[in-house]
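# Fold and contact review
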Amino acid sequence: MKAELPLKYDDIISAENLLTAWKEFLRGKRQATDVQAFSLHLMDSILQLHDDLANRTYRHSGYESFYITDPKPRHIHKASVQDRLLHHAVYRKLYPFFDRTFIADSYSCRVNKGGHKALQRFKSMAGSVGKNNTRTCWVLQCDIRKFFANIDQNILNGILRQYIPDKDILALLENIIASFHTQLGKGLPLGNLTSQLLVNIYMNEFDQFVKHRLKAKYYIRYADDFVFLSNDRAWLKDQIPLIEQFLNDKLALLLHPDKIHIKTLASGVDFLGWQHYPYHRTLRTTTKHRMIRRIKEHSTAETLQSYLGLLSHGNTHKIQEDALNEYWIWQQ
C-alpha cells in the first residue's frame, strides 16, 4: 500500500503559497523582461491566478521553444511566467512528500543529492564491490532512449493516482502534463520545474523494481543514466533483459542499444562526465573540450571558478592548468 499525499488542493493554490512560490521563482530572474512585466501588477496577477485555479478555469498556456547545446543539442520549452509560477507552487508542496518515497541512490534534481554526491557514491560502491581493489568490479551502464520525449503521459497519470487522492490536484497535474507533447500522449518539457519531479516519480517505479525485485545492492541512477556494480559479470548480463522488459512493459521506455555496456572499473567507466578507475577519476575528454570552449566564450572569473570547482572532484591538475591558461589568454 503506497502512502497517500496528505495535501489538499487549497494548500497548493492558496494566495500565500503562490506568493511564497513567486519569491522562490524570482531568484536570478529579476532582469528578465517577461518577469518584470508580470511584476508590474504582481498582486493582481497572483490573485487572478488564484481565482482561476479556485474556479477550475485555469488552463496552461503554450511554450517558447529554443535549443541549447550541453554538450548535445537539447530542445528546451519555456512556459509563461504565470505557468512557471504555478510550477513552483506545485513543486514546493509536492516535492517533500514524493522525495520521501524515492530510494537513497536516486541523485538527479533532489535536495542534498546531485552529481557530486552521485560521484562520491559511485566511488564508495566501487570500493565495496572491489573489496578495496582486491576483486574485479564490473559495471553495467544503461541509458534510456530519448527519455523526456518518451515519457508516457497516461502511465504517469496512473502512477500519480496511486499517491494522490485529491481529484482537483490530479486534474491540475494532468492539465500541466497535457500542456506539452512530442507526439500524442508522450513527452515532458525539459524546461519545466515540475518535469524534474515528475520524471523522478515516473522512474521511481523502476528504482523500486531494481531494489525489491532484482535485489540490486549496488545501483545508482541520475535521471536516465544508471549503473549497476557487481563482482559477478554473469549476474549483470542476466539483468539486462529483465531491465528492458520492465521499462518497456511498465513505463513504455526503451534502453538505448548503443549505450548498454558491461566493463571493468580497471578498464575505465564513463559515468556522469568522468572516466572512473580504481584509484582515481579523470574528466571525460569531450567534457574538457567543452569546458575550454566555454572559458573562451565567457572568460569571466565566475566561469573559471565554477569550472575549477568541478575539476576539484578528480585528478585534473593538468586540466586545471589548461583552464587557467585559457582564462588568462582571453583576458589579454
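Attention here is on the structure that accompanies the text. (Residues numbered from 1 in each chain as written. Predicted model: local features only at pLDDT ≥ 70, side-chain atom pairs only at ≥ 80, totals over all residues. Heavy atoms only, no water.)

### A word on the overall build of the protein chain
Within the protein chain one finds 13 helices and nine strands. The burial tally for the protein chain puts 47% of its 332 residues in the buried class. Residue pairs at least 24 apart in sequence account for 70% of intrachain contacts in the protein chain once pairs closer than 6 positions are excluded. Summed over all atoms, the accessible surface of the protein chain reaches about 17000 Å², with 51% contributed by carbon and sulfur. (Helix = DSSP H or I, 4+ residues; strand = E, 2+ residues; numbered from the N terminus. Buried < 20%, exposed > 50% of the residue type's maximum accessible area, 1.4 Å probe, protein only. Contact = heavy atoms within 4.5 Å. Areas by Shrake-Rupley, 256 points an atom, 1.4 Å probe, with all protein chains shown as cover.)

### Notes on the sheet that holds strand β9 (residues 281-283)
Ordered by their spatial adjacency, three strands build an open sheet running β7-β8-β9, and the pairing between neighbours is antiparallel. Every interior strand has two partners, whereas the edge strands, β7 (269-271) and β9, have only one. Taking the axes of each pair of neighbouring strands and ignoring which way they run, one obtains an average angle of 30° across the sheet. In this structure, strand β8 (residues 274-276) lies alongside β9, joined through three bridges in antiparallel fashion. Bridge pairing links W274 to L283 in β9. (Pairing = 2+ DSSP bridges. Axes fitted to C-alpha atoms, helices over the stretch in contact; angles between N-to-C directions.)

### Digging into the nonpolar core
Side chains of a nonpolar character, in soluble globular proteins, are inclined to be buried together. Membership of the largest hydrophobic core comes to 70 residues, with the highest contact counts inside it found for W22, F98, L160, F206, F226, F228 and L247. Per-element accounting of this core gives the leading share, 10 residues, to helix α5 (residues 81-99). Not counting chain neighbours up to four residues away, the residues in contact with F228 comprise W138, V139, L140, V210, L214, A216, Y218, Y219, L236 and I243. By size, the runner-up hydrophobic cluster in this structure holds 14 residues, among which are A118, A126, V129 and L265. (Core = buried A, V, L, I, M, F, W, Y, C linked by side-chain atoms within 4.5 Å.)

### Quick word on the packing of helix α9 (residues 193-212) against helix α10 (residues 233-251)
It is the contact of α9 with α10, at a shortest axis distance of 11 Å, that shows an interaxial angle of 145°. Relative to α10, the crossing made by α9 is right-handed. Facing α9, whose interface residues are Y202, M203, E205, F206 and F209, α10 presents L242, I243, F246, L247 and L251. Of the residues assigned to the contact of α9 with α10, the class counts are nine nonpolar, no polar and one charged. (Left-handed = near helix turned anticlockwise from the far one by under 90°. Nonpolar A, V, L, I, M, F, W, Y, C, P; charged D, E, K, R; others polar.)

### Remarks on the sheet that holds strand β4 (residues 219-222)
As summarised here, the arrangement of the four strands in space is β4-β5-β3-β6, forming an open sheet in which the pairing is antiparallel. The sheet terminates laterally at β4 and β6 (261-264), the two strands that pair on one side only. Here the strands of the sheet are splayed against their neighbours by 20° on average, with no regard to which way each runs. With four bridges joining them, strand β3 (residues 138-143) and β6 adopt antiparallel strand pairing. Across the sheet, W138 pairs through a bridge with T264, a residue of β6. Relative to the sheet, α9 contacts β4 and β5 (225-230), its axis offset from that of β4 by approximately 170°.

### Describing the pairing of β4
Relative to β5, β4 is paired through four bridges, and the arrangement is antiparallel. Bridge pairing links Y219 to F228 in β5. Here β4 folds back onto β5 in antiparallel fashion, the turn holding two residues, of which A223 has a positive phi close to 60°.

### Details of the pattern of salt bridges
For the coordinates displayed, the defined rule picks out 10 salt bridges. Ionic pairing is found between D34 and K78, a salt bridge with its closest N-O pair at 3.8 Å. Here the residue D34 occupies a position in helix α3 (residues 33-40), and K78 occupies one in strand β2 (residues 73-79), the gap between them amounting to 44 residues. Taking the relative accessible area as the measure of exposure, D34 reaches 29% and is therefore partly exposed. The partly exposed category is assigned to K78, whose relative accessible area is 28%. Here D207 makes a salt bridge to R221, at a shortest N to O gap of 2.9 Å. Of the two residues, D207 sits in helix α9 while R221 sits in strand β4, which places them 14 residues apart along the sequence. (Salt bridge = Lys/Arg side-chain N within 4 Å of Asp/Glu carboxyl O.)

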